[in-house]
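These are the residues of each chain, in order.
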Amino acid sequence: MTAQTVAAPVRRQRGFNLEKWGWLFMRGSGVVLVVLIFGHLFINLMVGEGIHALDFAFIAGKFATPFWQWWDVIMLWLALIHGANGMRTIVNDYVTNTTARKALTWALGLAAALLIILGTLVVFTFDPCLGVKETSTLWDTCQALGK
């Protein structure tokens, strides 16, 4: 009579799995981005006078309200992180040199971070009256606002 030994199943390592969370983020952010982008396009192109109303004053009016500031900032953040994560996946799939892969991944992260910071600053510090001169069409509006 012989005894057979059954090997114990291999336990997976527990811990933070970056690839799994990146995969989940891509799916979730993609769904949210579809809503944000189509909402953005609908408001800008379909409501009111449509595309003919798009000018500096229209954008200044949108950026005067916190709702649209946050809408655009969330769209900006999700789009840049979503795109950078997609590019990171492509780099990981096709770049075989470890040093080049690390350099490209860092470059993607730095570029996305820089664009996120600059875009957020533009949205929240936007002042339509900055640099307006007496010959500008916005002069009367800015004077009425006390700027």
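Here the structure is a predicted model, which means the values were calculated and not measured.

What counts, and at which threshold
Residues numbered from 1 in each chain as written. Predicted model: local features only at pLDDT ≥ 70, side-chain atom pairs only at ≥ 80, totals over all residues. Heavy atoms only, no water. Helix = DSSP H or I, 4+ residues; strand = E, 2+ residues; numbered from the N terminus. Rg over C-alpha atoms; globule rule 2.2 N^0.38 Å. Buried < 20%, exposed > 50% of the residue type's maximum accessible area, 1.4 Å probe, protein only. Contact = heavy atoms within 4.5 Å. Areas by Shrake-Rupley, 256 points an atom, 1.4 Å probe, with all protein chains shown as cover. Core = buried A, V, L, I, M, F, W, Y, C linked by side-chain atoms within 4.5 Å. UniProt positions renumbered as here; feature names shortened; annotations may be inferred. Lys, Arg positive; Asp, Glu negative; His and termini not counted. Salt bridge = Lys/Arg side-chain N within 4 Å of Asp/Glu carboxyl O. Polar contact = N/O pair within 3.5 Å; in protein donor to acceptor, adjacent residues only side chain to side chain.

Some details on the overall build of the protein chain
Next up, step 1: Along the protein chain, the regular secondary structure elements total 5 helices and 0 strands.
Next up, step 2: Over its C-alpha trace the protein chain gives a radius of gyration of 24 Å, far above what one expects of a compact globule, namely 15 Å for 147 residues.
Next up, step 3: Projecting the C-alpha coordinates of the protein chain onto the three principal axes gives extents of approximately 100 × 35 × 25 Å.
Next up, step 4: Buried positions account for 22% of the 147 residues belonging to the protein chain.
Next up, step 5: Considering only contacts in the protein chain between residues 6 or more positions apart, those separated by 24 or more positions represent 61%.
Next up, step 6: As displayed, the protein chain has an accessible area near 11,400 Å², and 69% of this comes from carbon and sulfur atoms.

Points about the nonpolar core
Next up, step 1: L33, L36, W68, W71, M75 and L78 form the largest nonpolar core, which has 6 residues in total.
Next up, step 2: Counting only elements with at least two residues in this core, the list comes to helix 1 (18–45) and helix 3 (66–94).
Next up, step 3: Sort the elements by how many residues they give to this core and helix 3 lands first, with 4 residues.
Next up, step 4: With near-sequence residues (within four places) excluded, L36 lies in contact with W71, I74, M75 and L78.

A look at the UniProt feature "transmembrane region" (unreviewed entry) in the protein chain
Next up, step 1: According to UniProt, the feature "transmembrane region" (unreviewed entry) maps to residues 21–47, 67–91 and 103–126 in the numbering used here.
Next up, step 2: In residues 21–47, the share of helix is 93% and the share of strand is 0%. The end C-alpha atoms are 37 Å apart.
Next up, step 3: Helix makes up 96% of residues 103–126 and strand 0%, and the two end C-alpha atoms of the span are 34 Å apart.

Side note on the side chain of K62
Next up, step 1: Counting through the fold element by element, K62 comes out in helix 2 (residues 56–62).
Next up, step 2: Buried and without a salt bridge, K62 has D72 as its closest oppositely charged side chain, separated by 4.3 Å.
Next up, step 3: Within the local environment of K62, its side chain forms a polar contact with the side chain of N44, the two groups lying 3.2 Å apart.

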